[in-house]
Amino acid sequence: MTLKSVSEIHHQHANVKYGKPYFAVLLAAFSSLGGWFFGYDQGVTGGIVVMNSFKNDFCVGIYGNASVCDLPVASLPSDYRRYLVLFTFLYNVGCFVGALFISSFIAERYGRRAIILTSAILFTIGTSMVIFPPGGSKKIMIFILIGRIIEGTGVGCSSFSCPLYASEIAPTNLRGMLSGFMQLTVVTGLFAANVVNYLLQNHKWGWRLSNGIILIAPIVIMIGICLCPETPRWLFKKKGRKAAENSLQRIRKTRDVTNELDAISDAIREEGNQVSTKELFTPKILERLAVGIGIHVFQQTTGINPIFTFGGIIYENVLGKGIISLLILSGANLLFTIPALFLFDRLGRRNLLIIGGLGMVVGHLVAATVFATGCKVVKTISNDTIVTEEVVTCKESSGIAMLVFTVIFVAFFALSWGPIAWIYVAEIYPLNVRAKAVAIATGSNWLIGMIMSYILELINPLGIHGVFYLFSGLTLLAVVFVYLFCPETRGVLLEDIEEVFDNFQLKNRPPIKVLRRL
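Keep in mind the model is a prediction, meaning the values are calculated, not measured.

Cut-offs used in this document
Residues numbered from 1 in each chain as written. Predicted model: local features only at pLDDT ≥ 70, side-chain atom pairs only at ≥ 80, totals over all residues. Heavy atoms only, no water. Core = buried A, V, L, I, M, F, W, Y, C linked by side-chain atoms within 4.5 Å. Buried < 20%, exposed > 50% of the residue type's maximum accessible area, 1.4 Å probe, protein only. Helix = DSSP H or I, 4+ residues; strand = E, 2+ residues; numbered from the N terminus. Contact = heavy atoms within 4.5 Å. Patch = residues over 30% accessible without salt bridge, like charges linked within 9 Å, V, L, I, M, F, W, Y side chains within 5 Å. Areas by Shrake-Rupley, 256 points an atom, 1.4 Å probe, with all protein chains shown as cover. Salt bridge = Lys/Arg side-chain N within 4 Å of Asp/Glu carboxyl O. Disulfide = S-S within 2.5 Å. 1 Å grid on protein atoms, 1.4 Å probe; cavity = no way out; pocket = protein on both sides within 12 Å on 5 of 7 lines; lining within 4 Å. Points joined across faces, edges and corners; volume = space filled by probe spheres on them. Nonpolar A, V, L, I, M, F, W, Y, C, P; charged D, E, K, R; others polar. Axes fitted to C-alpha atoms, helices over the stretch in contact; angles between N-to-C directions. Parallel < 35°, antiparallel > 145°, perpendicular 65-115°, else oblique. Left-handed = near helix turned anticlockwise from the far one by under 90°. pLDDT = per-residue confidence, 0-100.

**Student:** Which residues make up the nonpolar core, and what are the values?
**Tutor:** The biggest cluster of nonpolar side chains holds 146 residues, and the ones touching the most others in it are F54, Y83, I295, M402, W417 and Y429. Counting residues per element, this core draws most heavily on helix α5 (residues 78–110), which supplies 15 residues. Leaving out residues up to four positions away in the same chain, F54 has contacts with I48, V49, C59, Y80, Y83, L84, F87 and W207. Within the second largest apolar cluster, ten residues are counted, among which are A244, L248, I268 and L431.

This is how it looks when you write it as structure tokens:
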């Protein structure tokens, strides 16, 4: 069977007029501030763990002396290394809970604005619990870890709500760019965090100040979200056509919104009024849910979060410049996200995921090979079995080359998997299950993030190069997944994406055809 082209699918919805887009752009930009604290928190963690102020609060005098707390990662006291893992792991637990359990409930019952507000409140509470208590006590450290869970819950809610809100208010021709605003604020926050880390690395309150600065963003969101309109699609479903019409006219800055309202109405009527949870288990939605989960799982297994969370420790060992290395990596992330905003709706989501994924494979593969051939790991062994110290020595050229190819990995990620995972998943589900489906897909991202927190423990048995080889192989699997299961959604009205998936069949992929013939 021949696949229908995207242009053939627009049928009766082809005449939708979107008025003036500037207000939708402003709304998407404002809602994406949630991505700022999402990215900032991710970026700040990678740098603060190598700061003396952090070690003095959580390692020195608790797990060892200053010289012990400065050892390479594999030689750090096991309890302190476990605390570093928990500092990231429990944050991801919170992200998982927020994205999967809290987000869909609030977004469905109280609206898309309500979940954006909730994310800001939770993040403010959690961050306050992390930065204000004193250090030097294991009991206080437990309290701080609880704060990390709450902080993560807020981030999980924002990772769900920001792309969902943007996708539901955006004109079709700008949906990729506006949904991608969140990724721009994520990488801007990540870069800003590394700049702040660099400036405050020697301050006696360095890690606390670096963490605390981000509280500006959720406070602005709490004040401003009340001035933003609710999404027309949620209003149509919950409060009727008139409420949706008023919101749509305000967003589009035109009175002529009849065609778009008709498209929303058609979609809701076709979807029916079944309970969302029940609808998730229909074959069509299950198939699409698997696609959304796959996209988010593979985004995590590319290794992007460990690169930024533990990259400071890794490059401190390799180059002796952990914070500067993170600053370079986050700068590349920001730089290449900007052109990505204009490529989503030109080159398409699918093409960018495949091309970007292949570039990421090369980046990881070469970085791993450079470490394997240009660096040495010397282990000091006592009692014939116990490794008491591990020293990594690299040629300067090898360390720089490894960093360069990690920058290449990050650049391709920023152009593709970074933003598109959030954009694609926010637009592929019918309205009646969208909130719950997006929540499940987003939750899977954070579930894998929890697992990836333990990458630090794999450095000892696999070596740094082994971990990078692992990421390379998993990224190649991600490319294959997109090629086989992910159709293009560029330029398609949200209400027409159903038909795109109906006409994208696995059996029509050329490699599958060859296998079937054989």
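**Student:** Describe a nonpolar patch on the surface, and please don't skip the residues or the numbers.
**Tutor:** There is a patch of nonpolar side chains on the surface, built from Y198, L199, I324 and I328 and spanning about 380 Å² of accessible area. Put simply, the parts of the chain that give the nonpolar patch at least two residues each are α9 (181–200) and α19 (322–347). As for its position among the elements, I328 is in helix α19.

**Student:** Could you give an account of the state of the cysteines, with specific residues and numbers?
**Tutor:** Evaluation of the coordinates by the stated rule reveals two disulfides. In this model, C59 is linked to C69 through a disulfide, with the two sulfur atoms separated by 2.0 Å. On the sign convention where negative is left-handed, the bridge of C59 and C69, at about -90° about the S-S bond, is left-handed. Linking C59 in the loop between α3 (52–58) and α4 (66–69) with C69 in helix α4, this pair joins segments that are ten residues apart in sequence. The two residues C59 and C69 agree in class, both being buried. Linked covalently through their sulfurs, C375 and C394 form a disulfide whose S-S length is 2.0 Å. Torsion about the S-S bond of the C375 and C394 cystine: about 115°, corresponding to right-handed handedness. Of the two residues, C375 is situated in strand β1 (residues 375–382) and C394 in strand β2 (residues 386–394); the sequence distance between them amounts to 19 residues. Accessibility classification places C375 together with C394 in one group, the buried group.

**Student:** I'd love a proper account of the layout of surface pockets, names of residues and values included.
**Tutor:** Approximately 410 Å³ is the volume found for the largest pocket. Mapped by element, the contributors of at least two residues to the lining of the largest pocket are α3, α5, α18 (311–318) and α19. Here the residues of the lining of the largest pocket are counted per class, giving 13 nonpolar, six polar and four charged.

**Student:** An account of the packing of helix α12 (residues 232–239) against helix α13 (residues 241–252) is requested, with residue identities and associated values reported.
**Tutor:** At a minimum axis separation of 7 Å, α12 and α13 run at an interaxial angle of 165°. The angle between α12 and α13 places the two elements in the roughly antiparallel class. For the element pair α12 and α13, the recorded crossing hand is right-handed. Residue-level inspection shows P232, L235, F236 and K239 of α12 in contact with α13, the latter providing R241, A243, A244, S247, L248 and I251. Grouping the amino acids of the contact of α12 with α13 by side-chain chemistry returns seven nonpolar, one polar and two charged.

**Student:** Summarise unusual backbone geometry; cite the residues concerned and give the values.
**Tutor:** Positive phi is not limited to glycine here, since K253 has a value of about 60°. For K253, the location among the structural elements is in the loop between α13 and α14 (258–271).

**Student:** Describe the environment of Y40, and please don't skip the residues or the numbers.
**Tutor:** As for its placement among the helices and strands, Y40 is situated in helix α2 (residues 33–48). With 153 residues separating them in the primary sequence, Y40 and A193 have C-alpha atoms 5.2 Å apart. Excluding anything up to four places from it in sequence, Y40 contacts V186, G189, L190, A192, A193, V196, S210, N211, I213 and I214.

**Student:** Before we move on, could you go through the pattern of salt bridges and cite the residues and values that matter?
**Tutor:** On inspection of all chains with the given rule, the structure shows 13 salt bridges. K237 is the partner of E108 in a salt bridge, and the nearest nitrogen-oxygen pair spans 3.3 Å. Of this pair, E108 sits in helix α5 while K237 sits in helix α12, placing them 129 residues apart in sequence. Overlapping salt bridges, with partners in common, bring together E108, R112, E168 and K237 in one network.

**Student:** Report on the confidence of the model for the protein, specifying residues and quantitative values.
**Tutor:** The predicted model of the protein has a mean per-residue pLDDT of 84, with 89% of residues at 70 or higher. pLDDT under 50 marks residues 1–12. Its contacts with residues more than four places away, or in other chains, come to 21 contacts. Of the regions scoring below 50 in pLDDT, residues 384–388 engages in eight contacts with residues more than four places distant in sequence or in other chains.

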